[in-house]
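# Geometric and topological summary
Below are the chains, spelled out letter by letter.
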Amino acid sequence: MDMKIGVIKGDGIGPEIVDEAMKVLDRIGEVYGHSFSYTQLLMGGASIDVNGVPLTEETLQAAKESDAVLMGSIGGDAKTSPWYQLEPDKRPEAGLLKLRKGLNLFANLRPAVLYKELKGACPLKEEIADRGFDMMIMRELTGGLYFGKRSTEKVDGVLVAKDELTYSEEEIRRIAKRGFDIAMKRRKKVTSVDKANVLDSSRLWRKVVEEVAQDYPEVTLEHMLVDNCAMQLVKDPAQFDVILTENMFGDILSDEASMVTGSIGMLASASLNETKFGLYEPSGGSAPDIAGKGIANPIATILSAAMMLRYSFDLDKEADAVEAAVEKVLQDGYRTIDIMSEGMTQIGTQEMGDRICSCIA
Ligand code: IPM
Ligand code: MG
């Protein structure tokens, strides 16, 4: 199989972690007889420095023309980086939002798994960690508050800021269907998370999710209020299979879920549209404080590349091989600093990539 991959290395640790994921993809290509070609695309701060904007139309077009996009991370230190002196719509994050919208990537999949080898890094009580967990957070990614109209204006001499939260039934239906489809391939349970005791958008969310559920009689559906969900994630994460939720709730809950796995450096993500195209990126940020030191954990990006193999290229066997290689390296006791614990061997970004490659044969 010949695949064209757009690569956005981005800012901070982005370039280092993406290099390791490309190494792993090349290894897969070698072993399984595929060829991956890469086109470098600029986004975020890296694009601001060259083009003055975080995402150009040409880059968006180039992304559309690839079979999938692999991304590192974008953004810098908001206190010190000149990128944050710019207007909000010219900052690095605006490029990412524009890319998601421009590619219609409405379905964001963020798996949060507690690897048995990393139980020690899980901040929860031992009896909770011992039960393990394996959930998929399905976050709606192109609607809601992040894409509503916003304004800041003076009303009667007082500054007033407004952010609009809108969801149409179509927007809810398409992400709900995706959520149920994915639940069918997992443990067949969907927890739909909303704030239906307060918000109209959540009441519509609940109604549409219930309609969609009719077509999936094998899937158990439950509704949970977002505040309760935040609590349940630390109290009993094993109860979750698929968490289906709107944009902002998913943003917040996925960071929380990542933390209970021990390190955000382990969490992959995929953002999909109606076609096979997807954008694959680690859930973590650009970590400017450790950029360039060769210590960042590349595993989330490598697992994101595995998701690319699975969801965009239908290469399940190859995706399994990458995931198994990651587990093997963890079993062998190798850790980057963020997941380091006593008795293990600490290694850097590149060695982690090399070790994962050598477990793919
Ligand atoms: C994420 C990030 C982004 C988001 C930011 C960088 C705009 O936090 O992917 O979760 O909020 O979607
Ligand atoms: Mg976030």
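Note that the structure is predicted; figures quoted are calculated from it, not measured. (Residues numbered from 1 in each chain as written. Chains lettered and ligands numbered in written order. Predicted model: local features only at pLDDT ≥ 70, side-chain atom pairs only at ≥ 80, totals over all residues. Heavy atoms only, no water.)

What follows covers the overall build of the protein. Scanning the protein from N- to C-terminus turns up 12 helices and 14 strands. On the principal axes, the C-alpha backbone points of the protein span a range of 60 × 50 × 40 Å. Counting every position in the protein, which comprises 361 residues, the buried fraction comes to 53%. Across the protein, every contact between residues at least 6 apart in sequence was considered, and the portion connecting residues at least 24 apart equals 75%. Total accessible area computed for the protein in this model is approximately 15700 Å², and 51% of it derives from carbon and sulfur atoms. (Helix = DSSP H or I, 4+ residues; strand = E, 2+ residues; numbered from the N terminus. Buried < 20%, exposed > 50% of the residue type's maximum accessible area, 1.4 Å probe, protein only. Contact = heavy atoms within 4.5 Å. Areas by Shrake-Rupley, 256 points an atom, 1.4 Å probe, with all protein chains shown as cover.)

All right, on to helix 12 (residues 349-358) then. Every buried residue belonging to helix 12 is among Thr349, Met352, Gly353, Ile356 and Cys357, and all of these are buried. Each buried residue of helix 12 sits inside an arc of 135 degrees when the element is viewed along its axis, so together they form one side. Summarising the geometry of helix 12, the exposed residues directed more than 90 degrees from the buried face are Gln350 and Ser358. Contacts made by the buried residues of helix 12 are with helix 1 (14-32), helix 10 (299-311), helix 11 (316-331) and strand 13 (334-335). (Arc of directions from axis to C-beta.)

Moving on: the packing of helix 8 (residues 226-235) against helix 9 (residues 247-260). For the pair helix 8 and helix 9, the least separation of the axes is 10 Å and the interaxial angle reads 10 degrees. Overall, the two elements helix 8 and helix 9 adopt an arrangement that is roughly parallel. Two secondary-structure elements touch here, helix 8 through Val226, Cys229, Ala230, Leu233 and Val234 and helix 9 through Phe249, Leu253, Glu256, Ala257 and Val260. (Axes fitted to C-alpha atoms, helices over the stretch in contact; angles between N-to-C directions. Parallel < 35°, antiparallel > 145°, perpendicular 65-115°, else oblique.)

Below, the discussion takes up helix 1. Along an α-helix, residues three or four positions apart point the same way, because every turn accommodates 3.6 residues. Taking 1.5 Å as the rise per residue, helix 1 with 19 residues should run 27 Å; its terminal C-alpha atoms sit 27 Å apart, in good agreement. For helix 1, the full list of buried residues reads Gly14, Glu16, Ile17, Val18, Glu20, Ala21, Met22, Val24, Leu25, Ile28 and Gly29. Buried residues belonging to helix 1 abut strand 1 (2-10), strand 2 (35-40), strand 3 (68-73), helix 10, helix 11 and helix 12. After helix 1 finishes, the residue Gly33 shows a positive phi value of roughly 75 degrees. (Expected span 1.5 Å × (residues − 1).)

What follows deals with the site of ligand 1. Surrounding ligand 1, one finds Glu93, Arg100, Arg110, Arg139, Tyr146 and Asp251. In isolation ligand 1 exposes 320 Å². Once the protein is present, 75% of that is buried. Here the shell around ligand 1 is composed, by residue class, of one nonpolar, no polar and five charged. (Near = heavy atom within 4 Å. Nonpolar A, V, L, I, M, F, W, Y, C, P; charged D, E, K, R; others polar.)

This next bit is on the nonpolar core. Leu70, Leu109, Phe180, Leu244, Leu309, Phe313 and Ile356 are the most contacted members of the largest nonpolar core, which has 65 residues in total. The leading source of residues in this core is helix 10, at eight residues. Shared between two domains, this core takes at least three residues from each, and those domains are domain 1 (1-115 + 264-361) and domain 2 (123-260). Apart from the residues within four sequence positions on either side, Ile356 is in contact with Val24, Ile299, Ile302, Ala325, Val326 and Val329. Counting residues in hydrophobic clusters, the runner-up holds 21 residues, among them Ile137, Val193, Leu253 and Leu267. (Core = buried A, V, L, I, M, F, W, Y, C linked by side-chain atoms within 4.5 Å. Domains from an automatic or database assignment.)

Further remarks concern the side chain of Thr142. Among the secondary structure elements, Thr142 is positioned in the loop between strand 5 (134-140) and strand 6 (150-155). A polar side-chain atom of Thr142 sits 3.4 Å from a polar atom in the side chain of Arg174. (Polar contact = N/O pair within 3.5 Å; in protein donor to acceptor, adjacent residues only side chain to side chain.)

What follows covers the packing of helix 3 (residues 57-64) against helix 4 (residues 92-102). Here helix 3 crosses helix 4 at 45 degrees, and the two axes come no closer than 11 Å. Of the possible angle classes, the one that applies to helix 3 and helix 4 is oblique. By crossing handedness, the relation of helix 3 to helix 4 is classed as right-handed. Listed contacts from helix 4 to Glu57, Leu60, Ala63 and Lys64 of helix 3 are Lys98, Leu99 and Gly102. (Left-handed = near helix turned anticlockwise from the far one by under 90°.)

Bringing the state of the cysteines into the picture now. Disulfides are covalent bonds that link the sulfur atoms of two cysteine residues. Tallied over the full model, the rule gives zero disulfides. The thiol of Cys357 is unpaired, and the distance to the nearest cysteine sulfur, on Cys359, comes to 9.4 Å. Classification of Cys357 as buried rests on a relative accessible area of 10%. Cys359 gets classed as partly exposed once you look at its relative accessible area, which sits at 31%. (Disulfide = S-S within 2.5 Å.)

With that out of the way, let us pick up the domain arrangement of the protein. On domain assignment, one finds that the protein holds domain 1 (1-115 + 264-361) and domain 2 (123-260). A straight line from the C-alpha centre of domain 1 to that of domain 2 covers 24 Å. Tallying the contact residues gives 22 residues for domain 1 and 24 residues for domain 2. Summed over the three residues of domain 1 that lose the most area to domain 2, namely Phe106, Arg110 and Leu114, the buried surface amounts to 32% of that side. Counting every contact that joins domain 1 to domain 2 gives zero salt bridges. Linking domain 1 with domain 2 are eight residue pairs in polar contact (both at pLDDT 80 or more). Breaking the side of domain 1 that touches domain 2 down by element, the ones donating at least two residues are helix 4, strand 4 (107-113), strand 11 (270-272) and helix 10. The biggest single contributor to the side of domain 1 that touches domain 2 is strand 4, with seven residues. Looking at the side of domain 1 that touches domain 2 residue by residue, the classes come out as 14 nonpolar, four polar and four charged. (Buried area = accessible area lost by both parts, 1.4 Å probe. Salt bridge = Lys/Arg side-chain N within 4 Å of Asp/Glu carboxyl O.)

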